[in-house]
Amino acid sequence: MKYGKYIESKVKAEWLEYYIDYKGLKDLIKKCQKEAETAGEASFSPRTTSLTVQRYSNTKDSSQELFFRRLERDVDKVNKFTNKLVEEMRASLRNLNAKAEKETAPEKKDELLQEAQYIGDDFLALEKFVNINYLGFHKILKKHDKCLPHAPCRQFYVAHLHQQPWVQGNYSDLLVSLSNIYSKLRGDSSGEKNEDAAQGFVRSTTKYWVRNEDVSTVKHHVLQHLPVFQFDKNNFTGDAQLINSVYLDNSNLELYHGRLDKKPGAIALRIRWYGSNPPTMVFFERKTHKESWKGEESVKERFALPSDKVVAFMDGEYTLEHALADQEAAATRKGKALTEEEKESYKTLFMEVYKAVDSKQLKPLVRTQYMRTAFQIPFDATVRISLDTNLCMIKENPEDGPSCAATGRWYRDPALPVMRTEITRFPHAVLEVKLSLQEGQHAPAWVQELLDSGYLTEVHKFSKFIHGSATLFPGDVRAVPYWVDDESVRASMLASAPSPLEGTTPLPESAPGTSVPPPAAAPAATRTKPRTRRAGVTPELEELSHPLLGEQPTLKLMPDPNTVQGFRTLGLSAGMGPRGGGQRNQPGFFSRLLGLVPPAPAGGAMRTTPMRIEPKTFFANERTFLAWLHMAVTLGSVSAALLGFAAGSETDAAPESGGEAISRHLVELIALILLPLAVSMCCYALYVFIWRASNIARKRAVHFDDRVGPLCLCGAVVVSLLAITLLSLIDFFELLASVDSTLPPPPPPLALSISY
């Protein structure tokens, strides 16, 4: 679809006059193109000019000039309208907040909740308005440079566009205000803050990818049920907080490979601090992987440490005694005292982390940096949802500069420039659902509604540390996570790839505000042959090649945006495929009969996210197949032997009475009952083996267990045994009857005569 038609189909009728005049700008470009074709040769223009020298094209206002005026007018129009709507929403939120503080009646609260819902919907509509116009300006500038290559303007004007308030503006305070209103109307109560020196968290975590254009929609849904959690309001910007985490590893990437292979007890060590200011107090965190199938939960533990003591701690100079003294002094300043239990917990974690750092020779390796929006009832970790945006991973040790160890630092010098190959920007937001439920508790219904909405894509065991290490250290890793083959992350990984041997290439357009300098463009003379376009790769990335990536992506984790069901249409299109295809990709009759298709979750079809599959999974499938075959072969062998025995008996013995004939047919009947059962087992085992092998090969997140097939076969075996028992009883009674009929009649009673 042409973008002009797309705008016409997506505009909001009451805002029609405030959208970009895409058609008018497109017509001006056509006029500019005609003027360029009909105009004479352009005269030479030195650095000075004269107001009386007549040019060849003696026009007051050229189409080119009209185009730029119209473009600037539309940019200003969008900016003013956006600011106007934002101010109106802020005023509405202030009035609604005042009402929420006063009203206590349930029916009034319902009305206020509905009003808050309308304001949230208006905010999402405004964001859609901004995105349509933003993309429209990009499209029209691209068309301008394509039609008028002698007067390119896209690069300059896009940089100008990125600095507009309606593009760079942070309006997340609206969502924070909306979250506070929802929290007041729900009557949320705060939990108790944990200020222990050593802290531990046991919870189940599931991670999802979210498209950047869907971030506000997801936020709006979550804040209706959980408030935005502001741990430290002084370090908050809008609804998010900057988080830096420096991960430690050695030259062999031992921790990376342990976490990637999910070895029991594999750890990840990181140093984390919050806020944009230089760190003063940091958290040394250890994450330990546990096998969930054993009923164990992964654990995150951490202890606080002054930032100026980190290097001394890693070198063994900052001892446990010094750390305990500092912790007790900090507790005293707060008017508290450390308990013996807290001291023991701190000692254990402190020493275990130091031993790991010392024995494995761990050093700072990679940093993750992102803006985190957390949704949680304050200090209540039962349900916690975090959304990380603007995610990037950075090499902690510069390629062309001194390492952290050489400079006596534990994190990268902020004054050093970050080269293109030292940073990778992740293209999606990452949402984590963290549940700390007691036994018998279930996740709230709205959490399941969020998962089934289609805005989230589950990525099993996704890790920022693993992705950053695999992308930035491709020559050092022995294995990579499965999601690197996804087409949606390919461009971001290529942007961090080393340049080819023939020379450097232009850096693709980076996010607004980046400080990474673009390398010089490669001369056209170095291209000896045309390059093949790869799917999902922009022209600026064509000449970059990442050692971990093949020619074509092999995964497509993110679904088609047109198939997203949303939150209000759940259940309306159940059973319908994309574009309304009701019978598309539906499971077959045998799949439903054998129970290989689990019931669809409420509100939509089951997600098919690729999962990490180990080789032993294939062998387990083969062992299950062979076990079924063993049983089928046993039954088949018994049936064949019985048939052979029955055939031999018929040829050896002449037919006699009815009872003996029934006995001979009884053996045949038993064999004919067991033989189809054996054949059915073989067919079932083969079908399930092929179905499981196909899903394993595709890494589909489906239920591999069959909940109906074994029950059906067990029922068939029971019915067969009952039939055999019944036939045997009938034959037994017939045999008794025949035996009774063949017995000689009893002799007549003796007649005695007595004479007197």
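Residues numbered from 1 in each chain as written. Predicted model: local features only at pLDDT ≥ 70, side-chain atom pairs only at ≥ 80, totals over all residues. Heavy atoms only, no water.

Looking at an unreviewed UniProt entry, one finds the protein named SPX domain-containing protein, with Volvox reticuliferus as its source organism. Recorded under Subcellular location (unreviewed entry), the UniProt text for the protein is reproduced unchanged: "Vacuole membrane". (UniProt positions renumbered as here; feature names shortened; annotations may be inferred.)

Draft legend 1. Spatial organisation of helix H15 (residues 464–472). For H15, the buried fraction is high: 9 of the 9 residues fall into the buried class. Residues Lys464, Phe465, Ile466, His467, Gly468, Ser469, Ala470, Thr471 and Leu472 constitute the buried set of H15. The distance from a side-chain oxygen at the start of H15 to the backbone nitrogen of Phe465 is 3.3 Å, and the residue carrying that oxygen is Ser463. (Buried < 20%, exposed > 50% of the residue type's maximum accessible area, 1.4 Å probe, protein only. Helix = DSSP H or I, 4+ residues; strand = E, 2+ residues; numbered from the N terminus. Polar contact = N/O pair within 3.5 Å; in protein donor to acceptor, adjacent residues only side chain to side chain.)

Draft legend 2. Layout of the UniProt feature "transmembrane region" (unreviewed entry) in the protein. Per the UniProt record, "transmembrane region" (unreviewed entry) is found at residues 669–690 and 711–730. Helix makes up 100% of residues 669–690 and strand makes up 0%, while its end C-alpha atoms are separated by 33 Å. This span, residues 711–730, is 100% helix and 0% strand, and a straight line between its end C-alpha atoms measures 28 Å.

Draft legend 3. Region of interest: the pattern of salt bridges. All chains considered together, the criterion is met by 27 salt bridges. We note a salt bridge from Lys343 to Glu328, for which the minimum N-O separation is 3.1 Å. One end of the pair, Lys343, is in helix H12 (residues 340–360); the other, Glu328, is in helix H11 (residues 320–333), and 15 residues separate them in sequence. Under the relative-accessibility criterion, Lys343 is labelled buried at 18%. Several salt bridges converge on common partners, so that one network encompasses Arg372, Asp388, Glu432, Lys434 and Lys464. (Salt bridge = Lys/Arg side-chain N within 4 Å of Asp/Glu carboxyl O.)

Draft legend 4. Quick peek at the side chain of Thr368. By the element assignment, Thr368 lies in strand S7 (residues 363–375). The residues touching Thr368, leaving out its near neighbours within four places in the chain, are Ile243, Asn244, Ser245, Tyr247, Cys392, Met393, Lys464 and Phe465. (Contact = heavy atoms within 4.5 Å.)

Draft legend 5. Geometry of unusual backbone geometry. Positive phi, close to 55 degrees, is recorded for Leu253, a residue that is not glycine. When you line up the elements, Leu253 lands in the loop between strand S3 (241–249) and helix H9 (254–261). Residue Leu253 is classed as buried on the basis of its relative accessible area, which comes to 2%. With phi around 55 degrees, Lys262 is a residue other than glycine that occupies positive phi space.

Draft legend 6. Representation of the confidence of the model for the protein in the model. On average, the protein scores 78 in pLDDT, and the residues at 70 or more come to 74%. Counted against residues more than four places away or in other chains, residues 501–535, with its pLDDT under 50, gives 56 contacts. The low-confidence segment residues 600–609 (pLDDT under 50) makes 27 contacts with residues lying over four places distant or belonging to another chain. (pLDDT = per-residue confidence, 0-100.)

Draft legend 7. Structural context of a positive patch on the surface. Together, Lys2, Lys139, Lys142 and Lys146 line one region of the surface with positive charge. With relative accessibility at 38%, the residue Lys139 sits in the partly exposed group. (Patch = residues over 30% accessible without salt bridge, like charges linked within 9 Å, V, L, I, M, F, W, Y side chains within 5 Å. Areas by Shrake-Rupley, 256 points an atom, 1.4 Å probe, with all protein chains shown as cover. Lys, Arg positive; Asp, Glu negative; His and termini not counted. Charge placed at Lys NZ, Arg CZ, Asp CG, Glu CD.)

Draft legend 8. Up close: the side chain of Asp74. Relative to the assigned elements, Asp74 resides in helix H3 (residues 63–102). Asp74 sits in the buried class, given a relative accessible area of 0%. The residues touching Asp74, leaving out its near neighbours within four places in the chain, are Ile20, Asp21, Leu25 and Phe137.

Draft legend 9. Local environment of the packing of aromatic side chains. This structure, assessed with the given rule, holds 30 aromatic pairs. Judged by centre distance (4.0 Å) and plane angle (10 degrees), the ring pair of Tyr18 and Phe81 falls under stacked. Here the residue Tyr18 occupies a position in the loop between helix H1 (3–10) and helix H2 (22–38), and Phe81 occupies one in helix H3, the gap between them amounting to 63 residues. Considering the side-chain rings of Tyr247 and Phe465, the 4.8 Å spacing of their centres and the 15 degrees angle between planes classify their relative orientation as stacked. Of this pair, Tyr247 sits in strand S3 while Phe465 sits in helix H15, and the two are 218 residues apart along the sequence. Under the relative-accessibility criterion, Phe465 is labelled buried at 3%. Feature note: the residues Phe284, Phe303, Phe313, Tyr346, Phe350 and Tyr354 constitute an aromatic cluster, connected by ring pairs. Over the ring of Phe283 we find Arg302, and its NZ or CZ is 4.0 Å from the ring centre. (Phe/Tyr/Trp six-rings, centres within 6.5 Å; stacked < 30°, edge-to-face > 60°. Lys NZ or Arg CZ within 6 Å of the ring centre and 35° of its normal.)

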